[in-house]
Amino acid sequence: MNRGIPTIVANPAPAARPGNRVTCVRRAAGLNRCGGGQRPLGIPTIRDRVAQTTVKLVIEPVFEADLDPEAYGCRPKRSVLDVIRRVHQLLREGYTDVAGAGLSKCFDTIPHAELGQCVARRISDRQVLKVIKRWLKTPVEERDEIGKRWMTGGGKSRCSDPQGGVISPLLANLYVNRFLKYWRRTGKGKQPRSRSKIVNHAEAVMVLRCDRAARELEWTERTMERIGLTLNREKTKLVKARQERFDFLGYTFGPHRFKKDGHGYWGASPSRKSVARLRRKVREVLRPGEAGRGEEGRDRLNRVLAGWSSYFSHGTRLMAYRAVDNHVCERVRGFLRRRKKVSSRGTRQFSDQVVFGKLGVVRLRRIHLGPPPATA
């Protein structure tokens, strides 16, 4: 036993241990928020999910003590809004030379040997290490559109951390933390003439400097290659935030202006793509035959709007909220016209007061500004 390294004893029940008979079902699902496109997800079986959750609850506090404070993805008591606030704060502090990058197939390229070393530095229990290794080498059943099946992964695989598992985000954070530790160890961010900050969220890495962010991006790319990871060129971008805006995690950062007097400020607001995606979602919910009846359709719509407003609750959002409210009102009005067979446009019968009042549809502007003052 290594001196100074805590020992973790967590033996899963024999029925929950993964083996060759326990497989994951991998399916193409979910859009990559950073760059679009589809990625395969490894969905563990129920027994594996229970076992992974048990192991994660035990070992996660041990690794949390070692993770870099600028890593925010998939960590307890941290959310995406914490990343948004951090980036916004750094821009206001003068870190306006921005280099944003995303890791290319991060979960599929993590080497098992190096990842095992990262885990073994803090966990010395052989049973836990053996179980984690078997999870990484679990055979994966893949299916195509016509239902054809084939197996990948297994004992011969040397890379990948199957995305979709309960413990996969923790292992990915642990491996990417190697890069963040090396960043600190080499003195990055402490140079007085060229201050730099780094923010990491899952596969997204953002470097903010006062000047010359391109040099830091080259250093980041070389360092990532040394640990077996690569940057996605399509997701890599250099931005002079003083002159132009940039999108990150659904928000648009950069110079904003007040419409009343033209005063400039460093702002963060929902991006146009995020508003467009919400509009498409609203159309899908209110599609004929999909919305259901009465309160059922309204509740589905309200859940979508409440979830979107909860995520986009930072920065300048009134204009985006107003645009969404106008779109929702038009779509609800059109839906009711078709259902009740109204020949007119329905602006009087289904006015804004009816849609957001009597019918009970969530109005984002009211969430932002609060309820109107009571009248005598």
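Rules and cut-offs
Residues numbered from 1 in each chain as written. Predicted model: local features only at pLDDT ≥ 70, side-chain atom pairs only at ≥ 80, totals over all residues. Heavy atoms only, no water. Helix = DSSP H or I, 4+ residues; strand = E, 2+ residues; numbered from the N terminus. Buried < 20%, exposed > 50% of the residue type's maximum accessible area, 1.4 Å probe, protein only. Contact = heavy atoms within 4.5 Å. Areas by Shrake-Rupley, 256 points an atom, 1.4 Å probe, with all protein chains shown as cover. pLDDT = per-residue confidence, 0-100. Pairing = 2+ DSSP bridges. Axes fitted to C-alpha atoms, helices over the stretch in contact; angles between N-to-C directions. Parallel < 35°, antiparallel > 145°, perpendicular 65-115°, else oblique. Left-handed = near helix turned anticlockwise from the far one by under 90°. Patch = residues over 30% accessible without salt bridge, like charges linked within 9 Å, V, L, I, M, F, W, Y side chains within 5 Å. Salt bridge = Lys/Arg side-chain N within 4 Å of Asp/Glu carboxyl O. Lys, Arg positive; Asp, Glu negative; His and termini not counted. Charge placed at Lys NZ, Arg CZ, Asp CG, Glu CD. Core = buried A, V, L, I, M, F, W, Y, C linked by side-chain atoms within 4.5 Å. Expected span 1.5 Å × (residues − 1). Arc of directions from axis to C-beta.

## Some words on the overall build of the protein chain
Stage number 1. Helix and strand counts for the protein chain come out as 12 helices and 11 strands.
Stage number 2. Within the protein chain, the proportion of its 376 residues that are buried is 47%.
Stage number 3. Counting only contacts in the protein chain whose residues sit at least 6 apart along the sequence, the fraction spanning at least 24 positions is 66%.
Stage number 4. As displayed, the protein chain has an accessible area near 21,200 Å², and 50% of this comes from carbon and sulfur atoms.

## Observations regarding the confidence of the model for the protein chain
Stage number 1. Per-residue confidence for the protein chain averages 82 on the pLDDT scale, and 85% of its residues sit at or above 70.
Stage number 2. Within the model, pLDDT remains below 50 along residues 1-36, and this stretch shows 88 contacts once partners closer than five positions in the same chain are excluded.

## Some words on the sheet that holds strand β3 (residues 97-103)
Stage number 1. Reading across the sheet, the 4 strands line up as β6-β7-β3-β8 and stay open at both edges, with antiparallel pairing between neighbours. Looking along the sheet, the strands with just one partner apiece sit at the ends: β6 (196-201) and β8 (231-240). On average, each strand axis in the sheet is tilted by 15 degrees relative to the strand beside it, whichever way the strands run.
Stage number 2. Pairing of β3 with β8 involves 6 bridges; the strand directions are antiparallel. Residue pairing for β8: A99 is matched across the bridge by L238.
Stage number 3. Set on the sheet, helix α2 (residues 80-92) makes contact with β3, β6 and β7 (204-209); between it and β6 the angle comes to about 165 degrees.

## A look at the sheet that holds strand β10 (residues 251-257)
Stage number 1. Here we have 3 strands laid out as an open sheet, ordered β9-β10-β11, and antiparallel in their pairing. The open sheet has two edge strands, β9 (246-248) and β11 (264-270), and neither has a second partner. The sheet shows a mean angle of 35 degrees between the axes of neighbouring strands, direction not considered.
Stage number 2. Where β10 lies against β11, 7 bridges are found, and the strand directions are antiparallel. Residue H256 lies in a different strand from β11, and its bridge partner there is Y265.

## A closer look at the environment of L249
Stage number 1. Assignment of secondary structure puts L249 in the loop between β9 and β10.
Stage number 2. Sequence separation of L249 and A204 is 45 residues, and the distance between their C-alpha atoms is 9.0 Å.

## A look at the packing of helix α4 (residues 112-120) against helix α5 (residues 126-136)
Stage number 1. Interhelical geometry of α4 versus α5 gives an angle of 150 degrees and a closest axis separation of 11 Å. In terms of orientation, α4 lies roughly antiparallel with respect to α5. Considering the relative orientation of α4 and α5, their crossing is right-handed. Between α4, through H112, L115, V119 and A120, and α5, the contact on the second element is made entirely by L129, I132 and L136.

## Concerning a positive patch on the surface
Stage number 1. On the surface, K237, K273, R277, R279, R280 and R283 cluster together into a patch of positive charge.
Stage number 2. The greatest single-element share of the positive patch, amounting to 5 residues, is contributed by helix α8 (residues 272-285).
Stage number 3. Tracing the backbone through its elements, the reader meets R279 in helix α8.
Stage number 4. Assessed through its relative accessible area of 32%, R279 is described here as partly exposed.

## Side note on unusual backbone geometry
Stage number 1. A positive phi angle is found at K105, which is not glycine, with a value near 50 degrees.
Stage number 2. With respect to the secondary-structure elements, K105 resides in the loop between β3 and α3 (106-109).

## Focus on the nonpolar core
Stage number 1. Counting residues in hydrophobic clusters, the biggest one holds 48 residues, and the most contacted among them are V87, F246 and L305.
Stage number 2. Taken together, the elements giving at least two residues each to this core come down to α2, β7, β9, β10, α8, α9 (294-311), α10 (318-340) and α11 (352-358).
Stage number 3. Element by element, the count of residues in this core is highest for α10, at 8 residues.
Stage number 4. Not counting the four nearest positions on each side in its chain, V87 is found in contact with V199, M206, L208, F246, F248 and F253.
Stage number 5. Among the nonpolar cores identified, the runner-up in size contains 41 residues, and C106, I132, A172 and F179 belong to it.

## Focus on α8
Stage number 1. Across its 14 residues, α8 extends 20 Å between first and last C-alpha, which sits within 8% of the 20 Å expected from 1.5 Å per residue.
Stage number 2. Among all positions of α8, only S274, V275, L278, V282 and V285 are buried. Buried residues along α8 cover an arc of 100 degrees about the axis, so they all sit on one side. For α8, the exposed residues set more than 90 degrees away from the buried face come down to R272 and K273.

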